[in-house]
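Structure at a glance
The primary structure of each chain is shown beneath.
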Amino acid sequence: MTAAHRQPPVAFEPEFISGLKDIFEDKIPFNRVLGLEIMEITPTQVAARIAMQPQLVGHFAYNRLHGGVISAGLDAVGGLAVMAAIGAKHMDDAPLARLHRFSRLGTIDLRVDYLRAGIGEQFTLRAQVLRLGSRVASTRMEFLGPQDELLSTGAAAYIVS
């Protein structure tokens, strides 16, 4: 595709980003338990972070992050990426109308590969949508350590209708 045929990148309104952060960080209680904080929201990629907390430790001797925290975090940012993609797909709708489209979003399949131990004070999670269909969205996710080393990867499918 030539540059003349490419559509300009979508820029989300502050109201949409604020609403998405409110849903993700405040209205989903488990995300609050994990301490998930959004760092970036674009139509093609999202990023969040988790700070190590005593209640997230899975192995006391090594102060290693629990694998369930990694899995849940990857699932959450995968869902966030789908929300951003749906928001971008429906830019003709008002920001609040787009935020209501997420009510039926749910995980239908999740795969996590644990590559390295989750040791550190801060972790970064990234996700992108590989395909947004009318009923199902597919995502790819990464869980990174303090030096941006890849600790885990994930792939998921979400019901969107």
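Here, the structure is the one placed above.
Residues numbered from 1 in each chain as written. Predicted model: local features only at pLDDT ≥ 70, side-chain atom pairs only at ≥ 80, totals over all residues. Heavy atoms only, no water.

Some thoughts on the packing of helix H1 (residues 14–27) against helix H3 (residues 67–89)
- Where H1 meets H3, the axes come as close as 12 Å, and the angle between the chain directions of the two elements is 155°. The angle between the axes of H1 and H3 places the two elements in the roughly antiparallel class. Our pair here, H1 against H3, has a crossing hand that is right-handed. Where H1 abuts H3, its residues Phe16, Leu20, Ile23 and Phe24 lie against Ala76, Val77, Leu80, Met83 and Gly87. (Axes fitted to C-alpha atoms, helices over the stretch in contact; angles between N-to-C directions. Helix = DSSP H or I, 4+ residues; strand = E, 2+ residues; numbered from the N terminus. Parallel < 35°, antiparallel > 145°, perpendicular 65-115°, else oblique. Left-handed = near helix turned anticlockwise from the far one by under 90°. Contact = heavy atoms within 4.5 Å.)

Considerations on the side chain of Ser152
- Secondary-structure assignment places Ser152 in strand E8 (residues 150–159).
- Residues in contact with Ser152, not counting those within four places in the same chain, are Ile70, Leu74, Asp113, Tyr114, Leu115, Glu142 and Phe143.

Things to note about the packing of aromatic side chains
- Scanning all chains against the criterion turns up three aromatic pairs.
- Arranged with centres 6.5 Å apart and planes meeting at 65°, the rings of Phe16 and Phe102 form a pair that is edge-to-face. Residue Phe16 is located in helix H1, and its partner Phe102 is located in the loop between helix H4 (95–99) and strand E5 (106–114); the two are separated by 86 residues in the primary sequence.
- Judged by relative accessible area, which is 0%, Phe16 ranks as buried.
- Each residue in the set Phe12, Phe16 and Phe102 is aromatic and connected to the rest through ring pairs, giving one cluster.
- Looking at Arg98, its charged tip hangs above the ring of Phe16, at a distance of 4.5 Å from the centre. (Phe/Tyr/Trp six-rings, centres within 6.5 Å; stacked < 30°, edge-to-face > 60°. Buried < 20%, exposed > 50% of the residue type's maximum accessible area, 1.4 Å probe, protein only. Lys NZ or Arg CZ within 6 Å of the ring centre and 35° of its normal.)

Things to note about the nonpolar core
- In terms of nonpolar packing, the biggest core is built from 42 residues, with Leu20, Leu36, Leu65 and Phe143 touching the most fellow members.
- Top element by residues in this core is H3. It accounts for 14 residues.
- Contact partners of Leu36, with chain neighbours within four places excluded, come to Phe24, Glu25, Asn31, Ala48, Arg49, Ile50, Gly73, Ala76 and Leu125. (Core = buried A, V, L, I, M, F, W, Y, C linked by side-chain atoms within 4.5 Å.)

Here's the deal with the layout of surface pockets
- Here the largest pocket defines a volume of roughly 200 Å³.
- If you trace the largest pocket, you find 14 residues lining it, with Ile28, Asp75, Ala76, Gly79 and Thr107 closest to the centre.
- Those elements that provide at least two residues to the lining of the largest pocket are helix H2 (29–34), H3 and E5.
- Ranked by residues supplied to the lining of the largest pocket, first place goes to H3 with six residues.
- For the lining of the largest pocket, the per-class residue count stands at nine nonpolar, four polar and one charged.
- In this model, the second largest pocket occupies a volume close to 150 Å³.
- Surrounding the second largest pocket, Ile86, Lys89, His90, Arg101, Arg104, Leu132, Gly133, Ser134, Val160 and Ser161 form its lining.
- Its residues placed into classes, the lining of the second largest pocket shows three nonpolar, four polar and three charged. (1 Å grid on protein atoms, 1.4 Å probe; cavity = no way out; pocket = protein on both sides within 12 Å on 5 of 7 lines; lining within 4 Å. Points joined across faces, edges and corners; volume = space filled by probe spheres on them. Nonpolar A, V, L, I, M, F, W, Y, C, P; charged D, E, K, R; others polar.)

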